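Structural overview for review
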Amino acid sequence: MPTSELPVLEFVLTNYKNFNARATRDALLSYWEHISAGGRMFWSVAGAMSSAQLGITLAPAIRAGLIHGMSVTGANLEESLFRLVAHKAYRDFPEYRYFTKQEDTKILEQRMRRVTDTSIPEDEAFRAVEKIVVPMWKNASARGERRFWHEYFYEFTQALDPSVYEGDPEACWLLEAARRKLPIVVPGYEDSTFGNIFASYVKTGDCNASIVKSGIEYMADFYDRYEELSAGHGVGFFQIGGGIAGDFPICVVPSTKYDLQKPVKPWAYFCQISDSTTSYGSYSGATPNEKITWDKLTETTPMFVIESDATIVAPLILSALLECKRHPEAANTLIVRHRG
């Protein structure tokens, strides 16, 4: 099979020799080896990567069986949905670095919410979704139902009539995750636009706070999800950024071992893409071997840190992995050839 069917993989193998490039290549190859052996991979996605349209490669990766569970911020969850229903109303601001405070005030007055160089439209995204989600919350309050935060979004996303799509549904990772009932945790979901909206309806008495299960209940459930994911060849941990989206799920291993006092498999792989510099007391900037002391990883866990921009690196890695998934024999042959 000609290597032209593996252009991204071949590019990485040919050019990525040292520094962050080597880390990217080695993380990619170890990821593929783990998946090829029957392992699973859990993704932690911090920040607002959905607004950066990570779904273009993330959704196909979920579809292809390259991602088996996720931990995401509340922002990433809702912003994947926003891209699906309001994509045409987004505006980009490539000159954002040179904006004055007055220019950002004008953006505010245009009812746009800037996220670096793009913006979420207030009316077409937040308020349009609110009209449908709030009745769901009110009905759950009336019936005394309780669900995890993401389960409301799973139901909402799947119930949407395709006629309202503005974005490409094939690039909506939330829609793909909902269809596949992907195990997901959304720690700290209160820290999101819809977390704030929900709090306002709780304050007014229109909704009951108890209809959304707590972060503690997320972890209590995740013990079982981790046991399922880690069966067989184990589950790896692929992390974008830091913060609660990363630290919450990775703690399931030591918590199972020390708090539940049950045997547990360690994470089988670890990679973090971060532009945070190594620093004192910083979770985002902590080196992976620090996690050994917390019993989250072991000295034999394949560990990689890619100090770069995840909007550049993650789509590159996922594109190469998708090529490998489509042409596994050709990929393995090419990898062997480049390794000598």
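The present account deals with the structure reproduced in this document. Since the structure is predicted, the reported quantities are computational estimates derived from the model, not experimental observations.

Quick look at helix α3 (residues 55-63)
Among the 9 residues in α3, 7 count as buried, and that is most of the element. Residues of α3 that are buried include every one of Gly55, Thr57, Leu58, Ala59, Pro60, Ala61 and Ile62, and no others. The elements touched by buried residues of α3 are β1 (40-45), β2 (69-72), α8 (173-179) and α13 (310-326). Positioned one or two residues after α3, glycine 65 has a phi angle of 80°, which is positive.

Comments concerning the pattern of salt bridges
Counted by the stated rule, this structure contains 19 salt bridges. For the salt bridge of aspartate 104 with arginine 114, the shortest nitrogen-to-oxygen distance reads 2.8 Å. Of this pair, aspartate 104 sits in helix α5 (residues 101-109) while arginine 114 is found in strand β4 (residues 112-115), placing the two residues 10 residues apart along the sequence. We classify aspartate 104 as partly exposed; its relative accessible area is 27%. Between glutamate 155 and arginine 147 there is a salt bridge; the shortest N-O distance is 2.2 Å. Overall, the relative accessible area of 36% leaves glutamate 155 in the partly exposed class.

Considering the packing of α3 against α13
When two helices pack together, their arrangement is captured by the angle between the axes and the distance separating the axes. In contact at an axis separation of 9 Å, α3 and α13 are set at 35° when each is read in the N-to-C sense. The handedness of the crossing between α3 and α13 is left-handed. Judged by residue contacts, Thr57, Leu58, Pro60 and Ala61 of α3 engage Pro315, Leu318, Ser319 and Leu322 from α13. When the residues that make up the contact of α3 with α13 are grouped by side-chain class, the tally is 6 nonpolar, 2 polar and no charged.

Here we look at the environment of glutamate 79
Topologically, glutamate 79 is positioned in helix α4 (residues 74-86). What makes glutamate 79 buried here is its relative accessible area of 7%. As a C-alpha pair, glutamate 79 and leucine 13 span 66 residues in sequence and 33 Å in three-dimensional space. When near neighbours in sequence (up to four residues on either side) are disregarded, glutamate 79 contacts Ala48, Ser50, Ser51, Tyr90 and Ile120.

A few points about the sheet that holds β4
As summarised here, the arrangement of the 3 strands in space is β3-β5-β4, forming an open sheet in which the pairing is antiparallel. Across the chains shown, the open sheet's two edge strands, defined by having one partner strand only, are β3 (91-92) and β4. As paired strands, β3 and strand β5 (residues 118-121) are joined by 2 bridges and run antiparallel to one another. For aspartate 92, the partnering residue across the bridge sits in β5 and is threonine 118.

Looking at the packing of aromatic side chains
Inspection of every chain in the model, using the stated rule, returns 22 aromatic pairs. Taken together, a centroid distance of 6.2 Å and an interplanar angle of 85° make the contact between phenylalanine 153 and phenylalanine 194 edge-to-face. Of the two residues, phenylalanine 153 is situated in helix α7 (residues 149-159) and phenylalanine 194 in helix α9 (residues 193-203); the sequence distance between them amounts to 41 residues. The exposure class of phenylalanine 153 is buried, given its relative accessible area of 1%. Taking 4.8 Å as the distance between ring centres and 65° as the angle between the ring planes, the aromatic pair formed by tyrosine 226 and tryptophan 267 counts as edge-to-face. Linking tyrosine 226 in helix α10 (residues 215-229) with tryptophan 267 in the loop between α12 (252-259) and β8 (270-273), this pair joins segments that are 41 residues apart in sequence.

As for the packing of helix α1 (residues 7-15) against α13
The interhelical angle for the contact between α1 and α13, taken along N-to-C directions, is 120°, at an axis separation of 7 Å. Here α1 is positioned oblique relative to α13, judged by the angle of their axes. In the crossing of α1 with α13, the sense of the turn from one axis to the other is left-handed. Here Pro7, Val8, Leu9 and Val12 of α1 come into contact with α13, specifically with Leu316, Ser319, Ala320, Glu323 and Cys324.

Calculation rules
Going along each chain's sequence as written, the residues are numbered from 1 onward. Under the rules for a predicted model, residues below a pLDDT of 70 receive no local features and side-chain atom pairs below 80 are neither given nor counted, while totals for whole chains, interfaces and linings still include all residues. Where side-chain values are given, they derive from all heavy atoms of the structure, hydrogens and water being excluded. Residue burial is assigned from relative accessible area. The probe radius is 1.4 Å, only protein chains are included, and a residue is buried under 20% of its type maximum, exposed over 50%, and partly exposed in between. A run of H or I in DSSP becomes a helix once it reaches four residues, and a run of E becomes a strand once it reaches two; helices and strands are each numbered from the N terminus. Contacts are residue-level and defined by heavy atoms, with any inter-residue pair within 4.5 Å sufficient. Between Lys or Arg on one side and Asp or Glu on the other, a salt bridge is scored when a side-chain nitrogen of the former is within 4 Å of a carboxyl oxygen of the latter. Lines fitted to C-alpha atoms define the axes, with helix axes restricted to the stretch in contact, and inter-axis angles between N-to-C directions lie between 0 and 180 degrees. Each crossing gets its hand from how the near helix is turned against the far one by less than a right angle, where anticlockwise is left-handed and clockwise is right-handed. Side-chain classes are defined by residue name, with Ala, Val, Leu, Ile, Met, Phe, Trp, Tyr, Cys and Pro counting as nonpolar, Asp, Glu, Lys and Arg as charged, and the others, Gly among them, as polar. The criterion for strand pairing is that DSSP finds at least two bridges linking the strands in question. Each Phe, Tyr or Trp ring, with Trp reduced to its six-membered ring, pairs with another whose centre is within 6.5 Å; inter-plane angles below 30 degrees give stacked pairs, above 60 give edge-to-face pairs, and intermediate values give tilted ones. Working definition: roughly parallel below 35 degrees, roughly antiparallel above 145 degrees, roughly perpendicular at 65 to 115 degrees, and oblique for all remaining angles.

Treat this as a map of the structure, not an account of what it does.
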